[in-house]
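Observations on the model geometry
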Amino acid sequence: MCGIVGYTGPRRASDVLVGGLARLEYRGYDSAGVACLSDGGITVTRRVGRLDNLRRAITETPVAGGVGIGHTRWATHGRPSEENAHPHADCSGSIAVVHNGIIENYLELREELAANGHVLRSETDTETVAHLVESYYEGDLAVAVSRAVRRLEGSYALGVVHTDHPDTIVAARKDSPLIIGAGEGENVVASDIPAVLEYTREVVVLHDGEIAVVTRDGIAVHDAELNVVEPEMMHVEWDL
Ligand code: GLU
């Protein structure tokens, strides 16, 4: 187990991401990282070991941007290292992906991607997702993610960002938990409720096969064919 946090809103995303990941520390991890969007690019910061190592790196070299994704990793494919820590990028560096779970057919996907000219830089199953999204991307990130996840066997909770869509996180899940805290002018994607409670008590429960497009002003939930569906909302009564 391990954790995902995504943030889009007026705050500095890296602060919210590291704070949220700290709330998910109980899930265990061996490395941690964040990717934040600003000035048309993505800044990825990753560290092996304790979340404090990542926090320190971000304090030393602050990361701008109000949109980002963060991850604590419990390695299943590839040793715990900075190269294998999430977020993972595509070849162009325009896409960043965080993933909890296991892509069972990753070897086959790696071979296919490599044969099509993609250069994979880590040993993880996850990196295949970044390159699949890249290969299916034709301007609409949700469409690319929906086409990519159709190729995956196994379990996933995913957060995906693209520099062409600097206000958006696309989230998807199957057999791995993911919720979205619905705030006022800000939204927080997370593996579990404690990571969003500082910002909101209104939560969208994402179901298996669903794909959500999350901006600071809205959460649109879709089924696997990208038909819009009514989100399941939940009001959280309890406190941390
Ligand atoms: N299977 C992925 C990896 O080894 C994700 C592990 C996780 O859920 O943290 O990087």
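Residues numbered from 1 in each chain as written. Predicted model: local features only at pLDDT ≥ 70, side-chain atom pairs only at ≥ 80, totals over all residues. Heavy atoms only, no water.

Here's the deal with the site of the ligand
Near the ligand lie 15 residues; those nearest to it are Cys 2, Arg 73, Thr 76, His 86 and Asp 125. One of the side-chain nitrogen or oxygen atoms of Thr 76 is found 2.6 Å away from a nitrogen atom of the ligand. Residue His 77 places a main-chain N or O atom 3.1 Å away from an oxygen atom belonging to the ligand. Burial of the ligand by the surrounding chains reaches 98%, relative to a free accessible area of 300 Å². The pocket occupied by the ligand, as judged from atoms lying within 2 Å of grid points, is the largest pocket. Those elements that place two or more of their residues in the shell around the ligand are β4 (67-73) and β6 (95-103). (Near = heavy atom within 4 Å. Polar contact = N/O pair within 3.5 Å; in protein donor to acceptor, adjacent residues only side chain to side chain. Areas by Shrake-Rupley, 256 points an atom, 1.4 Å probe, with all protein chains shown as cover. 1 Å grid on protein atoms, 1.4 Å probe; cavity = no way out; pocket = protein on both sides within 12 Å on 5 of 7 lines; lining within 4 Å. Sits in = over half its atoms within 2 Å of the grid points. Helix = DSSP H or I, 4+ residues; strand = E, 2+ residues; numbered from the N terminus.)

Side note on the layout of surface pockets
Picture a little ball the size of a water molecule; that probe, rolled over the atoms, points out where space is still empty. Here the largest pocket is characterised by a volume of approximately 230 Å³. What lines the largest pocket is a set of 20 residues, and nearest its centre among them are Cys 2, Trp 74, Thr 76, Asn 100 and Gly 101. Elements with a contribution of two residues or more to the lining of the largest pocket: β4 and β6. (Points joined across faces, edges and corners; volume = space filled by probe spheres on them.)

Some points on the sheet that holds strand β10 (residues 187-190)
Strand order across the open sheet formed by 8 strands is β3-β2-β4-β1-β10-β9-β11-β14, with antiparallel pairing between neighbours. Two strands lie at the open edges of the sheet, namely β3 (41-48) and β14 (232-235), each paired on one side alone. Direction aside, the axes of adjacent strands within the sheet are offset by 20° on average. Bridge analysis of strand β1 (residues 3-8) against β4 gives 6 bridges, and the strand direction is antiparallel. (Pairing = 2+ DSSP bridges. Axes fitted to C-alpha atoms, helices over the stretch in contact; angles between N-to-C directions.)

Examining the sheet that holds strand β13 (residues 218-222)
Strand order in the open sheet made by the 6 strands is β5-β6-β7-β8-β12-β13, with antiparallel pairing throughout. Strand pairing shows two members of the sheet lacking a second neighbour, β5 (88-89) and β13, which therefore form its edges. Across the sheet, helix α4 (residues 127-136) is in contact with β5, β6 and β7 (154-162); its angle to β6 comes to roughly 130°. This element, helix α5 (residues 141-150), spans β7, β8 (169-174) and β12 (211-215) of the sheet and lies at about 160° to β7. (Contact = heavy atoms within 4.5 Å.)

A few points about helix α2 (residues 51-60)
Inspection of α2 places Leu 51, Leu 54, Ala 57 and Ile 58 among the buried residues, and these make up the whole buried set. Looking down the long axis of α2, one finds its buried residues gathered within 125° of arc, a one-sided arrangement. Turned more than 90 degrees away from the buried face of α2 sit Thr 59 and Glu 60, all of them exposed. Where α2 is buried, its residues meet α1 (13-23), β2 (31-38), β3 and β4. (Buried < 20%, exposed > 50% of the residue type's maximum accessible area, 1.4 Å probe, protein only. Arc of directions from axis to C-beta.)

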